[in-house]
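The residues making up each chain are set out below.
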Amino acid sequence: FEKPGKIVIISSPSGGGKTSICKALLSPARKRQGWRFSVSCTTRQKRNGEKNGREYFFVTETEFDKRVREKYFAEHFKVHLYKYGTPRKTLDGVIKKGGVIILDVDVQGAAAIRKEYPDAISIFVLPPSVRELRKRLRRRGTETNEQLRVRFENAKKEMKEYKKFPYTVINKELQRAVDQVLDVIMSHSCRTDNIKK
Ligand code: 5GP
């Protein structure tokens with residue numbers, strides 16, 4: 001009996017806490033077991049502390065569009081003001097070789113991936129409240145007021161999308177949220193129809 005590789009989609013409005021959850025999921029121990037983060041391409045500017053190839057591959061608009069034409073992406077969308085895309089080859093690699101690949105994508109990306117990879121596990125991370133979401137976005141301090149406003153308005157809209165996801169985790173306290181995500185992944189992978197013979 002063998003369990004195939006897993007695609008795990010983590011979505012949330014910005015400020016929902018998915019970046020911290022993804023980081024915690026990719027502990028050294030789990031990395032040794034073949035857990036990986038799917039590094040997307042984006043046309044947005046690199047933020048302080050980000051490294052090309054770690055959080056994202058930062059590419060120009062021209063390069064991004066070229067990759068779209070070459071069908072390099074499993075999905076790609078404009079999110080907020082920039083383009084983002086998930087490279088197809090990392091997903092297919094995990095499905096073939098086993099392991100777990102974590103995707104941090106927006107709700108449109110999640111829907112596109114679910115369509116193409118019906119076995120993907122998709123989890124929506126909600127902040128405890130709209131008030132807390134606004135607080136977290138402000139605290140991050142990485143955006144200008146205008147960018148913040150766009151993000152907050154989008155985030156409120158995105159929060160309503162959780163019903164499209166089979167699993168929802170409320171991120172009140174990080175460690176508890178991470179444990180819940182791990183439980184979801186574990187139960188999903190133990191489903192009888194997820195065992196290859
Ligand atoms: P940020 O610019 O704050 O890193 O990400 C902005 C939004 O883009 C987040 O909601 C994030 O989940 C989403 N995102 C990041 N990479 C991808 C991707 O490859 N595809 C899609 N559809 N969304 C992405």
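Residues numbered from 1 in each chain as written. Predicted model: local features only at pLDDT ≥ 70, side-chain atom pairs only at ≥ 80, totals over all residues. Heavy atoms only, no water.

1. Examining the sheet that holds strand S2 (residues 35–37)
Within a sheet, neighbouring strands are paired by backbone hydrogen bonds and run either parallel or antiparallel to one another.
Stage number 1. Read across the sheet, five strands follow the order S2-S7-S1-S8-S9 without closing on themselves; strand pairing throughout is parallel. Both edges of this open sheet fall to S2 and strand S9 (167–170), since each of them pairs with a single strand only. Along the sheet, successive strands turn relative to each other by an average axial angle of 25°, direction set aside.
Stage number 2. Pairing of S2 with strand S7 (residues 100–104), which is carried by three bridges, proceeds in the parallel orientation. Bridge pairing links Trp-35 to Val-100 in S7.
Stage number 3. Those strands touched by helix H4 (residues 88–97) are strand S1 (6–11) and S7, and its axis lies near 150° from that of S7. (Pairing = 2+ DSSP bridges. Helix = DSSP H or I, 4+ residues; strand = E, 2+ residues; numbered from the N terminus. Axes fitted to C-alpha atoms, helices over the stretch in contact; angles between N-to-C directions. Contact = heavy atoms within 4.5 Å.)

2. Digging into the site of the ligand
Stage number 1. Near the ligand there are 17 residues, and of these Ser-40, Arg-44, Tyr-56, Tyr-84 and Asp-104 occur at the shortest range.
Stage number 2. Separating an oxygen atom of the ligand from a side-chain N or O atom of Lys-18 is a distance of 3.3 Å.
Stage number 3. In the environment of the ligand, an oxygen atom lies 3.3 Å from a nitrogen or oxygen atom belonging to the backbone of Gly-85.
Stage number 4. If you list the elements that add at least two residues to the shell around the ligand, you get strand S5 (73–79) and strand S6 (82–87). (Near = heavy atom within 4 Å. Polar contact = N/O pair within 3.5 Å; in protein donor to acceptor, adjacent residues only side chain to side chain.)

3. As for the environment of Phe-57
Stage number 1. Mapped onto the elements, Phe-57 comes out in strand S4 (residues 56–58).
Stage number 2. When the C-alpha atoms of Phe-57 and Ser-40 are compared, they prove to be 6.2 Å apart, with 17 residues separating the residues in sequence.

4. Let's talk about the nonpolar core
Stage number 1. By size, the foremost hydrophobic cluster in this structure holds 22 residues, and its most contacted members are Ile-7, Ile-9, Leu-91, Leu-103, Ile-113 and Tyr-117.
Stage number 2. Going through the elements one at a time, S1, H4, S7, helix H5 (107–116), strand S8 (121–126), helix H6 (130–140) and helix H7 (145–159) are the ones with two or more residues in this core.
Stage number 3. For this core, the element with the highest residue contribution is H7, accounting for four residues.
Stage number 4. Discounting residues that sit within four places of it in the chain, Ile-7 has contacts with Leu-91, Ile-95, Ile-101, Leu-103, Ile-113, Tyr-117, Ala-120 and Ile-121. (Core = buried A, V, L, I, M, F, W, Y, C linked by side-chain atoms within 4.5 Å. Buried < 20%, exposed > 50% of the residue type's maximum accessible area, 1.4 Å probe, protein only.)

5. Some thoughts on the environment of Cys-22
Stage number 1. With respect to the element layout, Cys-22 can be found in helix H1 (residues 18–25).
Stage number 2. Between the C-alpha atom of Cys-22 and that of Thr-62, which follows or precedes it by 40 residues, the distance is 29 Å.

6. As for the pattern of salt bridges
Stage number 1. One pass over the full model with this rule turns up 16 salt bridges.
Stage number 2. With a closest N to O distance of 4.0 Å, Lys-18 and Asp-104 form a salt bridge. With a gap of 86 residues between them, Lys-18 in helix H1 and Asp-104 in strand S7 connect regions that are remote in the sequence.
Stage number 3. Residue Asp-104 is classed as buried on the basis of its relative accessible area, which comes to 17%.
Stage number 4. Connected via shared salt-bridge partners are Glu-132, Lys-135, Arg-136 and Arg-139. (Salt bridge = Lys/Arg side-chain N within 4 Å of Asp/Glu carboxyl O.)

7. Description of H1
Stage number 1. For H1, every residue scored as buried is listed here: Lys-18, Ile-21, Cys-22 and Leu-25. The arc enclosing the buried residues of H1, seen along the axis, measures out at 100°, which places them on a common side.
Stage number 2. Residues of H1 that are buried in the fold lie against S1, helix H2 (28–32), S2, S7, S8 and helix H8 (174–189). (Arc of directions from axis to C-beta.)

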